[in-house]
Amino acid sequence: MSEPDREPTETPTTSKEEAEEEGQEMARNWIGIAVVSIFALLLIVIAAMQFTGVVDVFAPIADTEGQQWGVFFVLALIVLIVGGWSWKAIIS
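Thresholds, definitions, all that
Residues numbered from 1 in each chain as written. Predicted model: local features only at pLDDT ≥ 70, side-chain atom pairs only at ≥ 80, totals over all residues. Heavy atoms only, no water. Patch = residues over 30% accessible without salt bridge, like charges linked within 9 Å, V, L, I, M, F, W, Y side chains within 5 Å. Areas by Shrake-Rupley, 256 points an atom, 1.4 Å probe, with all protein chains shown as cover. Salt bridge = Lys/Arg side-chain N within 4 Å of Asp/Glu carboxyl O. Lys, Arg positive; Asp, Glu negative; His and termini not counted. Charge placed at Lys NZ, Arg CZ, Asp CG, Glu CD. Helix = DSSP H or I, 4+ residues; strand = E, 2+ residues; numbered from the N terminus. Buried < 20%, exposed > 50% of the residue type's maximum accessible area, 1.4 Å probe, protein only. Core = buried A, V, L, I, M, F, W, Y, C linked by side-chain atoms within 4.5 Å. Contact = heavy atoms within 4.5 Å. UniProt positions renumbered as here; feature names shortened; annotations may be inferred.

Q: Summarise a negative patch on the surface; cite the residues concerned and give the values.
A: Judged by side-chain charge, Glu17, Glu18, Glu20, Glu21, Glu22 and Glu25 come together as a negatively charged surface patch. Inspection of the secondary structure assignment puts Glu25 in helix α1 (residues 16-52). By relative accessible area, which is 39% here, Glu25 ends up partly exposed.

Q: Any chance you could break down the nonpolar core for me, citing the residues and the numbers?
A: Ranked by size, the top nonpolar core spans nine residues in total: Val36, Leu43, Ile46, Ala47, Phe58, Trp69, Phe72, Ala76 and Val79. Elements represented by at least two residues in this core include exactly α1 and α2 (65-91). Each residue touching Phe58, except ones within four places of it in the same chain, is listed here: Ile46, Gln50, Gln68, Val71, Phe72 and Leu75.

Q: Would you mind going over the UniProt feature "transmembrane region" (unreviewed entry) in the protein in detail, with residue names and values included?
A: Under the local residue numbering, the UniProt record ascribes the feature "transmembrane region" (unreviewed entry) to residues 30-49 and 69-87. For residues 69-87, helix accounts for 100% and strand for 0%, while the C-alpha atoms at its two ends are 27 Å apart.

Below is the structure:
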């Protein structure tokens with residue numbers, strides 16, 4: 001059986017200001033993740049509708065189907081970059 005940690009991984013907050021700062025930072029991080037999750041879900045829905053032919057969302061921007069998928073993949077790449085950035089903020 002392994003020995004439990006002798007010291008906590010994080011030190012407890014010692015002042016009210018520090019606790020409020022920590023709470024605000026956590027709220028900002030989770031709001032960022034929520035926004036990225038919403039955009040990712042929206043992108044998945046658009047992709048499903050585009051794939052099944054229900055709508056041509058990018059028709060005003062791109063003429064051919066290949067160009068429309070190219071625009072979609074650029075948007076997906078942007079969502080991945082923003083998602084990585086928001087997760088990086090939480091990890092550090």
